[in-house]
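Below, each chain spelled out in residue letters.
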Amino acid sequence: MGKKKNRNVGIIGIGQTEYSSHKEDQNQVEMVNEAVRYALEDAKITLDDIDCVIHGNMELFEMIHQPDLWHSLGSGAFGKEQLRITTGGTTGASLVCAADNLVASGMYDVVMAIGLEKLQEGHTTGGITNMADPLWFRHLQTGALTATTATMMMEEFGEDRAKRAAMKYRIMIDKHACLNPRAHRRFGLEYDQAEDLMNTSPQLVGELRLIHMCSQSDGACVMIFASEKKAKELSDKPVWIRDHITAHREETFNCFGLDMPEMTHHYAARTLFGRNGITDPVDYFDVFEMYDPSAWWGLDWLRQFLLLEGDEHIRMLEEDEFDLDGKLPVNPSGGVIASNPIGATAMLRPAEAAMQIRGDAGPQQIKKEVKHALASGFGGTMWTVLMMLEKDLDW
Amino acid sequence: MKRVAVCAVAQHKCDSNLWYKRFQGMLLDVLEEIQAQTGMDFSEETGVRTIITASDDVFDARTISDNGVTDAVGGQYREEEKMAQEGLNGLGYAMATILSGHEDAVYVAGHCKESQPESVNMCTNLAYDPFYGRAMGLDYTNVAALQARDYMEKSGITEEQLAKVVVRARQWASRNPNANAQDLLELGDVMYAPMLCDPIRTTHAYPVSDGAVGFLLASEERAKDFTDNPVWLTGFGTCMDSYFLGDRDLASNFALKKAAERAYKKAGIKDVKKEVDLVEVMDCYAYQQPMWLEGLGFCGDGEGGKFIDEGGLAKYNVNLSGGMLAGNPIMIGGLYRAAEAVLQLKGEAGEHQAADVGRAVVQSTTGGAGQFHTVLVLER
């Protein structure tokens, strides 16, 4: 299914807080409210125009049961329809898919989606570890920290080339983050530091080093969606949601021997591209905002999402093809490695992709015209959400 | 508007302590029953591709509670989204997913084991803000008691009328094989039961319950593949009230009235008293049954007591499942209500079947003292 829609849906407003490790001047409600106000200003509408609010974050990170009830003080949901959808790391992207479904259904004309997290108020790795089965896997899980991909890549491409590529990806991402005024971690890394970082950054697990890993951030992201008719009325530059796919997996990462099953990323990509007639994603898309929890995963997943083979993804990286002026810019926002307020993180991806299409992404704006964007979300045990955004309604 | 079909429903029997069963196993039972009824599978070509679950991280004590059940709901390489609210909202969202054209069949599954946490009140205390409400000890029980007192004062509803609600709920529950508390009670058993949280007595409150429910929904065209006796979802509406109790008129039904108005509008209902044959409300506490019925428009404001005395509960086939008072988990109380409505509309409710049910209204609530309400309309 997918592809065929009852009616088209446009993104008409985007609001984000700055992302940082601490927001001690704001409680959760105030943080949500800041992003809601930015999104309404961006869309040039008021709360009166919103039919339904959808909300998502991970309640166990902050230990709030049904946090949407409290957040309604700042979310604007009072007196309105509201839903709360959470899917772990993918939450933000699931909210965008849900908003697309809700508007396309004809049940609501304008929907506002809110993703947030205030990781400072909880223990992120403890929280993530708590997802594992209490009897079988919890004592084995180390949050989202794993070096399996690093080991596999070193085996496949040679230790030196793999390590260099992962660090190059990391530094490229930091260069993008340094341009983004909202990004949390902006280190100002240079490529000539790669050798040093490869050897001195503290090891978290095996070759997954501290520098490779994503941050723990506070922040909120809000997006507003409208039906085609409303979007054209309300906005002079709506961005259209063309199609989206979600692929979840079983509870454990892989307990059936050494044969790796097809990755959900690859499954989602070939299914989504297949039903939309896209044969060469690297050629078709002008930007890819990918949920990259670590430099190793980010680099490895490019091969999966873009349906590349062999070492094509590493070669493209080595040839600077994922830079802002490369063939397919990846994560102009600085990605998840720079900013990671988990319940919002997967919404930051389509949010940045949409701003790139609008051409008002700020200092990290890609120079050439962006017409077709790809955005992904990641969560759970290799769960994936993949969506296509378009500048024009011409597919 | 196009219609969305409920093709099948399956309920796990509710129980106060299913210690011998994991929630994954409960969901698997429900899934297998749906498959037996409809032949539904998760194949690439003709199977269900989208699953909407309903569960809660705090009750399950698991971050991403849906991660623990992906296998048991067919989520392998499939879309799965968790409604992190009372599960009736999952049916509303499933309806949108089908009407959007994105999917033509959706499996909805909810689970909750209230027996797992040390106390339900401890979980719901976490719904209050960490600065004021939590420190004051607020939870859904004592907040409901504030609302009960306010409602009793304003409506003049009596202890005897509330006892009638509970006695009747147990009578119907005794005929429902999926209900939890099925023991019959006399009026005196209810009226003189110990106070749980004044004015809520122990018998006024729903018992701790474990359960799981599943639904198969499909587009009008696709429904034929699964059933020749579909039930249609025709209206859905929700509304959020204020968070701080001091900002609310607790006896006003502000959010429920708006949610009902929205759902009725979508379903084309003009006069609910004349156009609806059956209603299932999420009555976690006895006072909520008449109060929510007022909010839904089956009687006027403050007339709940009179409605009970004049036979309104029988006239509108209120909570023939036994309702929440007979025990369902709070996170999927609305899903159990909807399951009952589907069985009634299909004519498959067995010993608690009502005659000639053409249209049903189902209500659920999330949050303390009905901060958030959901209304769903179903038709034959």
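In case you missed it, the structure is sitting above this.
So, here is what we can say about the structure in this document. Starting afresh in each chain, residues are numbered from 1 along the sequence in its written order. Here chains are named by letter from A upward and ligands by number from 1 upward, in the order in which they appear as written. Local features in a predicted model are, by the rule used here, given only for residues with pLDDT of at least 70; side-chain atom pairs are given and counted only at 80 or more, and totals for whole chains, interfaces and linings are based on all residues.

**Quick look at the overall build of chain B**
Working step 1: To qualify as a helix, a DSSP run of H or I must reach at least 4 residues; to qualify as a strand, a run of E must reach at least 2; elements of each kind are numbered from the N terminus. Along the backbone of chain B there are 15 helices and 11 strands.
Working step 2: With the radius of gyration taken over C-alpha atoms, the globule rule is written as 2.2 Å times the number of residues to the power 0.38. Its C-alpha atoms give chain B a radius of gyration of 19 Å, within 12% of the compact-globule value 21 Å for 380 residues.
Working step 3: Once the C-alpha set of chain B is aligned to its principal axes, its extents read approximately 60 × 45 × 40 Å.
Working step 4: For chain B, buried positions account for 64% of its 380 residues.
Working step 5: Residues are treated as contacting if the C-beta atoms built from their backbones sit within 7 Å of each other. Excluding contacts between residues fewer than 6 apart, the proportion of contacts in chain B whose partners are at least 24 apart in sequence is 76%. Any residue whose C-beta has 12 or fewer other C-beta atoms within 10 Å is treated as exposed, any with 20 or more as buried, and any in between as partly exposed, C-beta atoms being built from the backbone.

**Considerations on the overall build of chain A**
Working step 1: Per the secondary structure count, chain A includes 15 helices and 11 strands.
Working step 2: Rg of the C-alpha trace for chain A: 20 Å, near the compact-globule value of 21 Å for 395 residues, within the 12% margin.
Working step 3: For chain A, the proportion of its 395 residues judged to be buried stands at 59%.
Working step 4: The long-range share in chain A, meaning contacts at least 24 apart out of those at least 6 apart in sequence, stands at 80%.

**Structural notes on the packing of helix H6 (residues 148–157) of chain A against helix H7 (residues 159–179) of chain A**
All names here are of chain A.
Working step 1: For the pair H6 and H7, the least separation of the axes is 6 Å and the interaxial angle reads 130°. When the interaxial angle is binned, H6 and H7 end up oblique. Pair H6 / H7 crosses with right-handed handedness. Contact residues: H6 offers Ala150, Met153, Met154 and Phe157, while H7 offers Glu159, Arg161, Ala162, Lys163 and Ala166.
Working step 2: Here the residues of the contact of H6 with H7 sort into 6 nonpolar, no polar and 3 charged. Note on definitions: angles span 0 to 180 degrees between N-to-C directions of axes, and those axes are lines fitted to C-alpha atoms, for helices only across the stretch in contact. Between 65 and 115 degrees an angle is taken as roughly perpendicular, under 35 as roughly parallel, over 145 as roughly antiparallel, and anywhere else as oblique. By definition, any crossing whose near helix is turned counterclockwise from its far helix by less than a right angle is left-handed, and any crossing with a clockwise turn is right-handed. Residue classes follow a fixed rule: Ala, Val, Leu, Ile, Met, Phe, Trp, Tyr, Cys and Pro count as nonpolar, while Asp, Glu, Lys and Arg count as charged, and any other residue, Gly among them, counts as polar.

**With respect to the nonpolar core**
One recurring pattern in soluble globular proteins is that nonpolar side chains are buried together.
Working step 1: Note on terminology: a nonpolar core is a set of buried residues of type Ala, Val, Leu, Ile, Met, Phe, Trp, Tyr or Cys, with members joined through C-beta atoms within 7 Å. Formed by 257 residues in total, the largest nonpolar core has its most connected members in Ala113 and Met223 of chain A together with Leu217 of chain B.
Working step 2: Looking at which element gives the most residues to this core, the answer is helix H15 (residues 342–358) of chain A, with 10 residues.
Working step 3: Membership of the second largest hydrophobic core comes to 5 residues, among which are Ile128, Met131 and Ala144 of chain A together with Ile64 of chain B.

**Things to note about the interface of chain A and chain B**
Working step 1: Contact residues are listed per partner, giving 51 residues for chain A and 51 residues for chain B.
Working step 2: Contributions of two or more residues to the side of chain A that touches chain B are made by helix H2 (59–62), helix H3 (67–75), strand E3 (81–86), helix H4 (91–104), helix H5 (124–129), strand E8 (239–247) and helix H10 (264–275) of chain A.
Working step 3: Here the element with the most residues in the side of chain A that touches chain B is E3 of chain A; it accounts for 6 residues.

**Some details on the pairing of strand E11 (residues 383–390) of chain A**
All names here are of chain A.
Working step 1: By the criterion of burial, E11 is predominantly enclosed, with 7 of the 8 residues buried.
Working step 2: A strand pair is defined by DSSP finding two or more bridges across the two strands. Relative to E11, E8 is paired through 7 bridges, and the arrangement is antiparallel. Looking across to E11, one finds that Ala247 is bridged to Thr384.
Working step 3: Pairing analysis gives 8 bridges linking strand E10 (residues 372–379) to E11, with the strands arranged antiparallel. By the bridge assignment, Gly379 is partnered in E11 with Trp383.

Taken by themselves, the reported measurements are silent on function.
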